[in-house]
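# Overview (structure and organization)
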Amino acid sequence: MIAYVTVGADDIARAKRFYQAFLPALGYGLTEGPQGLSYALPVAPGQPAMRPEFYVKSPFDGRAASAGNGAMVAFEVPSQAQVRAMHSAAVAAGGTDEGAPGFRAAYGPHFFVGYLRDPQGNKIALFSSDPKEPGRDG
C-alpha cells in the first residue's frame, strides 16, 4: 500500500494555488507547515489515517525541485463532469494542460482522464472510470 506521495516545489505559494483548485473537492484537507503542504483525507476519531497522503515540499537537499521524467500522480474523481471542472480550475490556478479531459483509445472504455502539469512541472492526472457514465464507445 502506498502511504504517501511527495512532489517537489520551489514556490510553495504557487503550488498551493494549483492544488487548492481541486484537492479540497476530492475531500483532502490541507495542513501547512515550515516543510510545505500536507494534504490528507479526513479521518474519524480512533481510525487510522486514509492512504495515501499527498505532500508538496521543497527538496530536502536544498537544490531546485524538478519533475520526474515518466513520473505522474493520478487522482480518482467521482465523475466526468468533475474531471472537466477540476482540470479547468487547475489550469486557471497556474497549471498547464497536458491533455484535455476525454477518453483515450489506449485505455478502457470508461476511463475518462485529463492531464496537467503543476507550476513546477510535476505531471498530474485527474480521472473517472464510473461504468454508470457514458463510455467512449457510446
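Before any of the text, the structure's been laid out above.
If you trace the 4 strands from one edge of the open sheet to the other, you get 5-8-7-6, paired in mixed fashion. Strands at the two margins of the open sheet, each flanked by one partner only, are strand 5 (72-76) and strand 6 (96-103). The sheet shows a mean angle of 15° between the axes of neighbouring strands, direction not considered. Taken together, the 5 bridges between strand 5 and strand 8 (residues 123-128) define a ladder with parallel strand orientation. The residue bridging V73 from the neighbouring strand is I124, located in strand 8. Packed on one face of the sheet, helix 2 (residues 80-92) meets strand 6, strand 7 (112-117) and strand 8 and runs near 10° to strand 7.

As summarised here, the arrangement of the 4 strands in space is 1-4-3-2, forming an open sheet in which the pairing is mixed. At either margin of the open sheet sits one strand with a lone partner, and together these are strand 1 (4-8) and strand 2 (29-33). Put simply, the sheet's adjacent strands are angled 20° from each other on average, direction ignored. Judged from the 5 bridges that link them, strand 1 and strand 4 (residues 53-57) form a sheet pairing that is parallel. The partner of G8 across the bridge, within strand 4, is K57.

Cut-offs applied
Along each chain, the written sequence defines residue order, and numbers are assigned to residues from 1. With pLDDT at 70 or above as the cut-off, local features in this predicted model cover only qualifying residues; side-chain atom pairs require 80 or more to be listed or tallied, and sums for whole chains, interfaces and linings still use all residues. Hydrogens are left out, water is left out, and the side-chain values use all remaining heavy atoms of the structure. Two strands form a pair only when DSSP identifies at least two bridges running between them. Strands are runs of DSSP state E lasting at least 2 residues, helices are runs of H or I lasting at least 4, and numbering of each runs from the N terminus. Only the stretch in contact is used when fitting a helix axis, every axis being a line fitted to C-alpha atoms; angles between N-to-C directions are given from 0 to 180 degrees. Residues count as neighbours in contact if any of their non-hydrogen atoms are within 4.5 Å of one another.

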